[in-house]
Amino acid sequence: MFEDIADQLKKAKDIVFVTGAGISQESGIPTFRGKDGLWRKYDPMTLATIDAFYQNPKLVWEWYEERRQNILSAKPNPGHLAIADLEKYRKVSVLTQNIDGLHQRAGSTNVYELHGSIITIKCTVCDLKDTITTNFSQLPPMCKCGNMLRPDVVWFGEALPQDIWKSAIEQSSSCDAMIVVGTSLAVSPANLLPVYAKENGATLIEVNPDKTPMSDIMDLSLRSSAAKALPELVNLVA
Ligand code: APR
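Note that the structure is a prediction, hence the values are computed from the model and not measured. (Residues numbered from 1 in each chain as written. Predicted model: local features only at pLDDT ≥ 70, side-chain atom pairs only at ≥ 80, totals over all residues. Heavy atoms only, no water.)

Digging into the pairing of strand β8 (residues 203-207)
Every other side chain in a regular strand lies on the same face of the sheet, so the side chains alternate between the two faces. For clarity, the threshold we go by: Each residue is placed in one exposure class: buried if its accessible area under a 1.4 Å probe, protein chains only, is under 20% of its type's maximum, exposed if it is over 50%, and partly exposed if it falls in between. The numbering of helices and of strands both runs from the N terminus, where a helix is a DSSP run of H or I of at least 4 residues and a strand a run of E of at least 2. The criterion for strand pairing is that DSSP finds at least two bridges linking the strands in question. Seen with its strands pointing away from the viewer, a crossover is right-handed when the path leading from the first strand over the helix to the second is clockwise.
Along β8, 5 of the 5 residues are buried, which leaves the element largely enclosed by surrounding structure. Neither face of β8 is open: one carries T203, I205 and V207, the other L204 and E206, and all of them are buried. As paired elements, strand β7 (residues 177-181) and β8 share 5 bridges and run parallel to each other. The partner of M178 across the bridge, within β8, is L204. Between β7 and its parallel partner β8, the chain crosses via helix α10 (residues 193-199), and the hand of that crossover is right-handed. Of the pairings in the sheet, the one linking β8 to strand β9 (residues 220-222) comprises 3 bridges and is parallel in character. By the bridge assignment, E206 is partnered in β9 with S221.

Structure, rendered in structure tokens:
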């Protein structure tokens, strides 16, 4: 079983990774739905929706600032580094649901942030978009146009950035292999990407200690952590 998947992976020229919070868990960033998950402590409906933001912008900003500080002190782990390393041997695209920027910090150069980024902000009214480089003196921070700034992330009920989503579908529909790492595949539309890959005949591999709703369509499920399994997978291909 593993051998023939290994052969298919070795032959793959165009490899797409779909990643979620689990790949950053070994960098010390809590996942959302695991036992230490963020959603255990906070109700998503009170923090990650546009309504919640307008009802209590200060609380939502405090939550994101706490996460941003944690993320800035985190380091890419061997899972992120293995994906970056693979670019030396194959065409690699990373379609990530994470907003932590760790793939880019590990050296990956072809990263699509499906749910935005915690280090960029945008104005709620004008078209200002900027990278956060300092701590804010007040929360919520205000734009020079006089309106509130918001984290440049995708909240429940909001559309994904259309250009990024279009590219994600194209990449998933044309890759030879898709490796799904550290995601519960609980949130749409990102959880559709493995279906596009499967329809295109790609080899599907899942790296997750737990089963997911799409484990049945995977050609191989590695019940392992990202930091352990990904370096082994990359060694197969390198
Ligand atoms: N290595 C690999 N997988 C892991 C690890 C690890 N070390 N630790 C946990 N996991 C797995 C868990 O088993 C779980 O299936 O990672 C997955 C994390 O799932 P979630 O916490 O639901 O995170 P994610 O799938 O990224 O959530 C999707 O939901 O809350 C929204 O916008 C948010 O982008 C997020 C989206």
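Things to note about the packing of helix α1 (residues 2-11) against helix α11 (residues 226-237)
This is how the line gets drawn: Interaxial angles span 0 to 180 degrees and are taken between N-to-C directions of axes, which are lines fitted to C-alpha atoms, for helices over the stretch in contact. Handedness of a crossing follows from how the near helix is turned relative to the far one, being left-handed for an anticlockwise turn of less than a right angle and right-handed for a clockwise one. The contact definition used throughout considers only heavy atoms, calling two residues in contact when any of these lie within 4.5 Å. As a working rule, the residues Ala, Val, Leu, Ile, Met, Phe, Trp, Tyr, Cys and Pro are called nonpolar, Asp, Glu, Lys and Arg charged, and the rest polar, with Gly in that last group.
At their nearest, the axes of α1 and α11 sit 8 Å apart, and the two run at 65° to each other. In this structure, the crossing between α1 and α11 has a hand that is right-handed. Contacts between α1 and α11 involve F2, A6, L9 and K10 from the first element and L233, L236 and V237 from the second. Among the residues forming the contact of α1 with α11, the class breakdown is 6 nonpolar, no polar and 1 charged.

Quick notes on the domain arrangement of the chain
Rule in force here: Domains are outlined according to an automatic or database domain assignment. Here's the idea: put two parts together, see how much 1.4 Å probe accessible area each one loses, and the total over both is what we call buried area.
According to the domain assignment, the chain contains domain 1 (1-28 + 76-115 + 160-238) and domain 2 (30-73 + 116-153). For domain 1 versus domain 2, the separation of C-alpha centres amounts to 26 Å. Each side of the interface is counted separately: domain 1 has 14 residues, and domain 2 has 13 residues. Where domain 1 abuts domain 2, roughly 1,000 Å² becomes buried across the two surfaces, and 56% of that area is made up of carbon and sulfur atoms.

As for the environment of A52
Considering the arrangement of structural elements, one finds A52 in helix α5 (residues 50-55). Looking at A52, the relative accessible area reads 5%, which means it is buried. On a C-alpha basis, the gap between A52 and F136 in space is 20 Å, while along the polypeptide they are 84 residues apart.

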